[in-house]
Amino acid sequence: MIAVASISTSEMLTRNLRMLERNGLVERTVHPTVPPRVEYTLTEPGQALRETVHRMCDWTHQYLGHIEAARRRFDP
C-alpha cells in the first residue's frame, strides 16, 4: 500500500502561485508588516494569458450546446 500525503488547500494555492511566479506570469511582493502581507500581480504575459483564457471561456459558452450534443451522440 502506498501512503498519499494530505495536501491542504493553502498548500496547493502556494504551489500554484509559486509555479505562476516561476513562469513569469505573476510578480510576488512581500510587504514588511506583522504579520507579513504578500501581494501577487499579473505580469504582462500573465495579463495576456488571462485575456486568452477569457476568450476560451467565451468560446466554451458559445459552443457548449454543441459540445454536449456531440458527447451524447458519442457516449451511448
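As shown above, the structure is provided for reference.
Keep in mind it's a predicted model, so treat the numbers as computed, not measured.

1. Quick notes on the overall build of the chain
Then step 1. Within the chain, the secondary structure is distributed over two helices and two strands.
Then step 2. Reading the helices (α) and strands (β) of the chain from amino to carboxyl end gives α-β-β-α.
Then step 3. For the chain, whose C-alpha radius of gyration is 19 Å, the value lies well above the compact-globule estimate of 11 Å for 76 residues.
Then step 4. Each of the three principal axes of the chain carries a C-alpha extent, and together these read 55 × 45 × 20 Å.
Then step 5. Across the 76 residues that make up the chain, the buried fraction comes to 8%.
Then step 6. Across the chain, contacts joining residues at least 24 apart in sequence account for 3% of those joining residues at least 6 apart.
Then step 7. For the chain, the accessible surface area stands at approximately 7000 Å², while carbon and sulfur atoms represent 59% of it.
Then step 8. Charged side chains in the chain number 10 positive and 9 negative. The centres of these two groups are separated by 4 Å.

2. What to know about the side chain of Thr43
Then step 1. With respect to the secondary-structure elements, Thr43 resides in the loop between β2 (37–42) and α2 (44–74).
Then step 2. Ignoring anything within four residues of it in the chain, the contact list for Thr43 reads Gly24, Leu25, Val26 and Glu27.

3. Some remarks on the packing of aromatic side chains
Then step 1. In this structure the tally under the stated criterion is one aromatic pair.
Then step 2. Both rings, one in Trp59 and one in Tyr63, keep their centres 5.3 Å apart while their planes meet at 40°; by these two values the pair is tilted. Note that Trp59 and Tyr63 are positioned in helix α2 at a spacing of four residues, about one turn of the helix.

Rules and cut-offs
Residues numbered from 1 in each chain as written. Predicted model: local features only at pLDDT ≥ 70, side-chain atom pairs only at ≥ 80, totals over all residues. Heavy atoms only, no water. Helix = DSSP H or I, 4+ residues; strand = E, 2+ residues; numbered from the N terminus. Rg over C-alpha atoms; globule rule 2.2 N^0.38 Å. Buried < 20%, exposed > 50% of the residue type's maximum accessible area, 1.4 Å probe, protein only. Contact = heavy atoms within 4.5 Å. Areas by Shrake-Rupley, 256 points an atom, 1.4 Å probe, with all protein chains shown as cover. Lys, Arg positive; Asp, Glu negative; His and termini not counted. Charge placed at Lys NZ, Arg CZ, Asp CG, Glu CD. Phe/Tyr/Trp six-rings, centres within 6.5 Å; stacked < 30°, edge-to-face > 60°.

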